[in-house]
Amino acid sequence: MAGVISRRSALAGGLGLAASGLLAACARDVRPALAPAPAITGEMVVGANLELTGTGSTLGKLQEQALQVGAQALNTSGFAFGDTRLAMRLVVKDNGGDPARAAEASEQLITHDRVSAIIGGTTVETAMSMITVAEQRKVPLLCLNSGDEMTIPLPQRKFVYKLGPNATDVAEVLARELQQRQFGGAALLASADGHGEAGARALPRAFASAGLALAASARLPAGGRAYTDAVKQIVASKAKAVVVWALAPVSAAAVAALRGGGYTGKIFLDPGAGAGETLRGPNGSTVDGAFIVHPTVLGGAPMMATTTSGLAARDFVYRYIQEYGAFGGFAPYSADALNLLAVAARRGKSLDPQRLRGRLEGGAVEGIAGAYAFQPISHGGMEPDGLVLFT
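Residues numbered from 1 in each chain as written. Predicted model: local features only at pLDDT ≥ 70, side-chain atom pairs only at ≥ 80, totals over all residues. Heavy atoms only, no water.

Caption draft 1: Representation of helix H10 (residues 308–324) in the model. Over its 17 residues, H10 runs 24 Å from end to end, which matches the ideal 24 Å to within 8%, given 1.5 Å per residue. Looking one or two places after H10, you find glycine 325, whose phi comes out positive at around 90 degrees. (Helix = DSSP H or I, 4+ residues; strand = E, 2+ residues; numbered from the N terminus. Expected span 1.5 Å × (residues − 1).)

This is the structure in structure tokens:
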């Protein structure tokens, strides 16, 4: 897929990633040699509870790869912690895309591995079971999906922070783009899971605010690719545009079903489609010409990196490609989670989970995918000005 940016937004300022080892390689390219950093004398243990098999594995594997790249970069020289430096040690568990296994994995990470925090939950279903454990055990959970209910209601989500874009923000970007392109509205084709449900709630509200009409709304059946009935509803609506709100690879299958069902209008995708299985290979021709709302990093490494966050993004993309051969736009969220935890540990000079929770709210931090500004009144997701439209 060509990374043609229709609209770009510069990330807002913040504390940056100065404390992070993610900048080590790039910093050496553009600055004179510095005095040796203090030796790495300890470690921070972080759990990863991911969908490496089963439902959500397409994105779970990307997150695992990003974690490995992010940890390697951090551990090049360690991250600042008082007058010393620490390494980041990952403990990775596969939840198989099953909520019960996800809850069990979180318990094991906390009880047996004594992690300071947990990163995971690329699907809403697994994340919800992980949230229950995180809140009961008072251990920070950094979620990787876009479900708005991850952090709402806040009194029951004190230890939960979300890195994926808010569904509400994505819907507003889509509504604005449709309005600017002079579409009177669009139809919605959403997956029958928590991710699709978030879109099914957010998009009608955004359309109503923008004065757009929701021409039709259909749900993709779970557990299969028999999308004929849903596609017929969209085609019958005669909508000139349709929003497909689904995680990869379901998003690619839905686009193929639309084209196979005779739909000739414009197709818009939410960030959940931002994986190689949707955008490259045999599916590349299927989605050719479609639009996707996504953080700017989907376009790859920035050509001109002059800011701290730009250097970090360039370094991450280069490392990722060197290690895995191709870069997936969905990947950076988990690497950003590692950096957020490193910054929180530095701020609080503590690895205690309850101390880390408060320090995650200590001010804005720019990441690879976008900027994060967790506050006591808001625990997610990434700032909306990092979202742009690609074709």
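Read on for the rest.
Caption draft 2: Here's a closer look at the sheet that holds strand S7 (residues 185–191). Within the open sheet, the 6 strands sit side by side as S8-S7-S9-S10-S11-S14. Their pairing is mixed. Every other strand in the sheet has two partners, leaving strand S8 (213–220) and strand S14 (387–390) as the edge strands with one partner each. Ignoring strand direction, the axes of neighbouring strands in this sheet form an average angle of 25 degrees. In this structure, strand S11 (residues 291–295) lies alongside S14, joined through 4 bridges in antiparallel fashion. Within S14, the position partnered with proline 295 by the bridge is leucine 387. In this fold helix H5 (residues 167–180) packs onto S7, strand S9 (241–245), strand S10 (266–269), S11 and S14, with an angle of close to 165 degrees to the strand it touches most, S9. (Pairing = 2+ DSSP bridges. Axes fitted to C-alpha atoms, helices over the stretch in contact; angles between N-to-C directions. Contact = heavy atoms within 4.5 Å.)

Caption draft 3: Layout of unusual backbone geometry. Residue proline 153 is reached from isoleucine 152 by a cis peptide bond, and omega for that bond is 0 degrees. Here proline 153 lies in the loop between strand S5 (141–143) and strand S6 (160–162). Note that the residue after alanine 248, namely proline 249, is joined by a cis bond; omega there is 5 degrees. Mapped onto the fold, proline 249 is located in the loop between S9 and helix H8 (250–260). Despite not being glycine, lysine 138 shows a phi value in the positive range, around 60 degrees. With respect to the helices, strands and loops of the structure, lysine 138 is situated in the loop between helix H4 (124–137) and S5.

Caption draft 4: Fine view of the packing of helix H2 (residues 57–74) against helix H11 (residues 332–348). The N-to-C vectors of H2 and H11 enclose an angle of 40 degrees; their axes lie 7 Å apart at closest approach. When the interaxial angle is binned, H2 and H11 end up oblique. In this structure, H2 meets H11 at a crossing whose hand is right-handed. Packed against H2, whose contacting residues are Gln63, Ala66, Leu67, Gly70, Ala71 and Leu74, the element H11 presents Tyr333, Ser334, Ala335, Leu338 and Ala342 at the interface. When grouped by side-chain class, the residues that make up the contact of H2 with H11 number 8 nonpolar, 3 polar and no charged. (Parallel < 35°, antiparallel > 145°, perpendicular 65-115°, else oblique. Left-handed = near helix turned anticlockwise from the far one by under 90°. Nonpolar A, V, L, I, M, F, W, Y, C, P; charged D, E, K, R; others polar.)

Caption draft 5: Broad picture of H5. Taking 1.5 Å of rise per residue, the 14 residues of H5 would be expected to cover 20 Å, and the 20 Å separating its terminal C-alpha atoms lies within 8% of that figure. Looking at the buried side of H5, the elements it contacts are S7, helix H6 (194–210), S9, S10, S11 and S14. Of the residues flanking the end of H5, it is glutamine 182, one or two places downstream, whose phi is positive at about 65 degrees.

Caption draft 6: Looking closely at the nonpolar core. Core analysis: the largest hydrophobic core is formed by 35 residues, its most contacted members being Ile119, Leu142 and Leu338. Listing elements by their share of this core, those giving two or more residues are strand S1 (40–50), H2, strand S2 (79–81), strand S3 (84–94), strand S4 (117–120) and H11. If you tally residues by element for this core, the top one is H11, at 9 residues. Beyond its immediate chain neighbours, meaning those up to four positions away, leucine 142 contacts Ile118, Ile119, Gly120, Tyr161, Leu163, Ala337, Leu340, Leu341 and Leu360. (Core = buried A, V, L, I, M, F, W, Y, C linked by side-chain atoms within 4.5 Å. Buried < 20%, exposed > 50% of the residue type's maximum accessible area, 1.4 Å probe, protein only.)

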